[in-house]
Amino acid sequence: MTASFDVSAASEYLRSRIESVPAVCIVLGSGLSAIEGELTEAAVIPFEDVPGFPAPTVEGHAGRYVVGRIGGAQVLLQSGRFHHYEGHSPEVVAAPVRIAAALGVRGLVLTNASGAIRPTLEPGDLLVLSDHINLMFRSPLVGPVRPGETRFPDMSAAYDPRLRHLALEVAVETGEDLHEGTYVAMLGPSYETPAEVRMLGGLGADVVGMSTVPEVLVARALGLRCVAFSVVTNHAAGLGSGGLSHRDVLDVGASAGARLAALLTVLIPRVADELSRG
Ligand code: HPA
């Protein structure tokens with residue numbers, strides 16, 4: 001059940017390709033790769049070079065690491081991720097987080113695309129996650145406790161309050177209208193039905209997506225600090241005027257993703273600074 005992934009082999013390979021270990025890893029979701037262009041002194045490592053990594057299967061997911069600097073801070077940018085809906089095991093979905101931690105990364109900045117459930121949210125809005133609901137009905141923490149992980153991670157502040165505060169501060173400074181809310185993770189790959197969306201709203205979710213939560217679970221078990229952003233790409237099923245398509249998700253993600261990239265460009269050096277304080 002827990003098909004194993006060789007985290008050491010992958011992290012040793014990456015270490016051999018990068019000069020020094022960044023404190024921050026940025027995980028980019030569907031069509032949100034705009035920030036790649038902001039990195040200086042960038043070195044690209046395609047996922048296919050990393051031992052054990054499967055080839056990405058989803059349009060909009062590039063599948064590469066870019067190591068470089070944003071405003072002086074060194075970052076490990078993970079452009080693309082592995083999803084449960086692609087058929088990947090929890091081990092594979094969580095592998096990049098375990099690899100980042102093995103490299104010495106101390107904080108994760110995660111991004112994703114989502115559908116709006118809260119009626120006041122619109123496509124193109126940006127949201128910093130305050131909490132999540134895991135309705136994937138799986139967890140990469142099931143099974144033996146991995147080295148460096150805790151058996152029962154506390155999830156009462158899964159999304160680091162200090163990093164969220166920094167994000168909101170940067171949003172005010174840069175004139176971005178950054179919302180806050182709860183993300184519910186579904187297995188996918190089908191989008192939700194309108195009845196499911198009504199249920200999810202009743203459960204307290206503001207946006208819905210198909211990623212991020214497995215990574216945050218492992219990050220918290222490893223003691224990594226997390227901040228996560230959602231680009232609202234559509235009204236969740238039944239709440240907008242038409243149906244949903246991955247193409248629309250990518251198109252809205254690309255335009256709003258540029259605003260997210262602008263926010264992250266200012267935020268990342270502050271996150272790196274905060275992480276260096278411990
Ligand atoms: N549902 C689930 N995942 C998503 C959505 C959605 O409406 N939009 C973008 N990712």
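Up top is the structure.
Bear in mind that the values here come from a model prediction, so they are computed numbers and not experimental data.

J.: Explain the overall build of the protein chain residue by residue, including any values.
T.: Along the backbone of the protein chain there are six helices and nine strands. Its C-alpha atoms give the protein chain a radius of gyration of 17 Å, near enough to 19 Å, the size a compact globule of 278 residues would have. Projected onto the principal axes, the alpha-carbon positions of the protein chain cover approximately 50 × 45 × 35 Å. Classification of the 278 residues of the protein chain by burial places 54% in the buried group. A fraction of 83% describes how many contacts in the protein chain between residues 6 or more apart in sequence connect residues 24 or more apart. For the protein chain, the accessible area works out to roughly 11,100 Å², and carbon and sulfur atoms hold 53% of it. Treating the 20 positive side-chain charges of the protein chain as one cloud and the 30 negative ones as another, the clouds have centres 5 Å apart.

J.: Tell me about the pattern of salt bridges, residues and numbers included.
T.: For the structure shown, the criterion picks out 15 salt bridges. With a shortest N-O distance of 2.6 Å, Arg 98 and Glu 149 are connected by a salt bridge. Within this pair, whereas Arg 98 is found in helix H2 (residues 90–103), its partner Glu 149 is found in the loop between strand S6 (126–135) and helix H3 (161–174), the two being separated by 51 residues in sequence. For the pair shown, Arg 98 and Glu 149 are each scored as buried. Taking the shortest distance from any N to any O, the salt bridge between Arg 164 and Glu 180 comes out at 3.4 Å. With Arg 164 in helix H3 and Glu 180 in strand S7 (residues 178–186), this pair connects stretches of sequence that are 16 residues apart. A residue is classified by how much of its surface remains accessible, and Arg 164, at 18% relative accessible area, is buried.

J.: Go over the site of the ligand, please, and point to the residues and values.
T.: Contacts to the ligand come from Ala 113, Ser 114, Gly 115, Tyr 191, Glu 192, Val 208, Gly 209, Met 210, Thr 233, Asn 234, Leu 244 and Val 249. Here Ala 113 contributes a backbone N or O atom positioned 3.4 Å from a nitrogen atom of the ligand. In this structure, a nitrogen atom belonging to the ligand sits 3.3 Å away from a main-chain N or O atom of Gly 115. Considering the ligand on its own, with 260 Å² of exposed area, one finds that the protein chains cover 95% of that surface. Its atoms largely coinciding with the cavity grid, the ligand occupies the largest pocket. If you list the elements that add at least two residues to the shell around the ligand, you get strand S5 (107–116), strand S8 (207–209) and strand S9 (225–235). Counting residues per element, the shell around the ligand draws most heavily on S5, at three residues. Partitioned by chemical class, the residues of the shell around the ligand number six nonpolar, five polar and one charged.

The rules behind each value
- Residues numbered from 1 in each chain as written.
- Predicted model: local features only at pLDDT ≥ 70, side-chain atom pairs only at ≥ 80, totals over all residues.
- Heavy atoms only, no water.
- Helix = DSSP H or I, 4+ residues; strand = E, 2+ residues; numbered from the N terminus.
- Rg over C-alpha atoms; globule rule 2.2 N^0.38 Å.
- Buried < 20%, exposed > 50% of the residue type's maximum accessible area, 1.4 Å probe, protein only.
- Contact = heavy atoms within 4.5 Å.
- Areas by Shrake-Rupley, 256 points an atom, 1.4 Å probe, with all protein chains shown as cover.
- Lys, Arg positive; Asp, Glu negative; His and termini not counted.
- Charge placed at Lys NZ, Arg CZ, Asp CG, Glu CD.
- Salt bridge = Lys/Arg side-chain N within 4 Å of Asp/Glu carboxyl O.
- Near = heavy atom within 4 Å.
- Polar contact = N/O pair within 3.5 Å; in protein donor to acceptor, adjacent residues only side chain to side chain.
- 1 Å grid on protein atoms, 1.4 Å probe; cavity = no way out; pocket = protein on both sides within 12 Å on 5 of 7 lines; lining within 4 Å.
- Sits in = over half its atoms within 2 Å of the grid points.
- Nonpolar A, V, L, I, M, F, W, Y, C, P; charged D, E, K, R; others polar.

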